[in-house]
Amino acid sequence: MSDTPVIGVLALQGDVREHLVALAVADAVARPVRRPEELAEVDGLVVPGGESTTISKLAVLFGVMEPLRARVRDGMPVYGTCAGMIMLADKILDPRSGQETIGGIDMIVRRNAFGRQNESFEAAVDVRGVEGGPVEGVFIRAPWVESVGAAVEVLAEHDGHVVAVRQGNALATSFHPELTGDHRVHRLFADMVRANGAARSL
Ligand SMILES: NC(=O)CC[C@H](N)C(=O)O
């Protein structure tokens, strides 16, 4: 892999375009991914925000769910925002019927958790590993992380709830940095993809 990683955005449903733009700003080559052949060609993957039940069902329909699980198990860097965070949870509370996840992060996530209190809101969030002050967290019917296993690093909390985590090469945020002009979290992820590529070519 050259210094410019190729990062896919799972393009089944959700805010794919915004992630493609954010990744390009973060000096990655960004591509939509729908099919297993496209997944095989990327160095890392973003799972966007949207509606997690729909993304789950379409992933099964497009035959990409098992390949996604295999690549995440194999250590491909992956970043999920909002619905994407839900997709990366090993377990979700109150899943809709037929809703599956890719998994990869040992956490239990509650869907629409902030929604009951506050449908959508913005808040300054300090994210460990992101330099230069808090990021603007855009929360839209956002999940929160109810509990995490020992291998999971908590990167941020809001109102006493965990909203950003990392486990190895998997990163997830409840909020949507792709909807702001501040792409520091995407840079952090692009750096994770670069570091993973460098480690593999040793
Ligand atoms: N902004 C979002 O991605 C919302 C996620 C949505 N509430 C879900 O459960 O999938």
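Please read these numbers as outputs of a predicted model, since none were measured by experiment.

This part covers the overall build of the protein chain. When its secondary structure is counted, the protein chain shows six helices and twelve strands. On C-alpha atoms alone, the protein chain measures out to a radius of gyration of 15 Å, which is about the 17 Å that the 2.2 N^0.38 rule sets for 202 residues. When the 202 residues of the protein chain are sorted by exposure, 51% land in the buried category. Sequence-distant contacts, at least 24 apart, represent 66% of the contacts inside the protein chain between residues at least 6 apart. Only carbon and sulfur atoms are counted for the fraction: they give 49% of the accessible area of the protein chain, which is about 8800 Å².

Quick look at the UniProt feature "active site" (unreviewed entry) in the protein chain now. Within this numbering scheme, the UniProt entry marks Cys82, His176 and Glu178 as carrying the feature "active site" (unreviewed entry). With the annotated positions falling across 97 residues, the maximum pairwise C-alpha distance of 11.0 Å places them together in a single cluster. Secondary-structure assignment places His176 in the loop between strand E12 (170-173) and helix H6 (184-200). When near neighbours in sequence (up to four residues on either side) are disregarded, His176 contacts Asp15, Gly49, Thr81, Cys82, Val138 and Ile140. Polar side-chain contacts of His176 include one of 2.7 Å to the side chain of Glu178. By the element assignment, Glu178 lies in the loop between E12 and H6. Beyond its immediate sequence surroundings of up to four residues, Glu178 is in contact with Asp15, Glu18, His19, Ala22, Gly49, Thr81, His183 and His186. Here the side chain of Glu178 touches His19 through a polar contact of 3.3 Å, side chain to side chain.

Quick look at the pattern of salt bridges now. Opposite charge on two side chains lets them pair, provided their charged atoms get close. Enumeration according to the criterion identifies twelve salt bridges in this entry. Across the pair Arg187 and Asp27 runs a salt bridge whose closest N-O atoms are separated by 3.3 Å. Of this pair, Arg187 sits in helix H6 while Asp27 sits in the loop between helix H1 (16-25) and strand E2 (29-33), and the two are 160 residues apart along the sequence. Because the salt bridges share partners, they merge into one network encompassing Glu51, Arg96 and Arg111.

Moving on: the site of the ligand. Around the ligand, a shell composed of Gly49, Gly50, Glu51, Ser52, Cys82, Ala83, Ile86, Arg111, Asn112, Ile140, Arg141 and His176 is seen. Contact between the ligand and Ser52: an oxygen atom at 2.5 Å from a main-chain N or O atom of the residue. The backbone of Ala83 places a nitrogen or oxygen atom 3.0 Å from an oxygen atom of the ligand. Contact with the protein chains hides 94% of the accessible area of the ligand, taken as 300 Å² for the molecule alone. Its residues assigned to classes, the shell around the ligand comprises four nonpolar, five polar and three charged.

Below, the discussion takes up the environment of Arg194. Note that Arg194 resides in helix H6. Arg194 sits 42 residues away from Val152 along the chain, and the two C-alpha atoms are 21 Å apart.

Rules of the game
Residues numbered from 1 in each chain as written. Predicted model: local features only at pLDDT ≥ 70, side-chain atom pairs only at ≥ 80, totals over all residues. Heavy atoms only, no water. Helix = DSSP H or I, 4+ residues; strand = E, 2+ residues; numbered from the N terminus. Rg over C-alpha atoms; globule rule 2.2 N^0.38 Å. Buried < 20%, exposed > 50% of the residue type's maximum accessible area, 1.4 Å probe, protein only. Contact = heavy atoms within 4.5 Å. Areas by Shrake-Rupley, 256 points an atom, 1.4 Å probe, with all protein chains shown as cover. UniProt positions renumbered as here; feature names shortened; annotations may be inferred. Polar contact = N/O pair within 3.5 Å; in protein donor to acceptor, adjacent residues only side chain to side chain. Salt bridge = Lys/Arg side-chain N within 4 Å of Asp/Glu carboxyl O. Near = heavy atom within 4 Å. Nonpolar A, V, L, I, M, F, W, Y, C, P; charged D, E, K, R; others polar.

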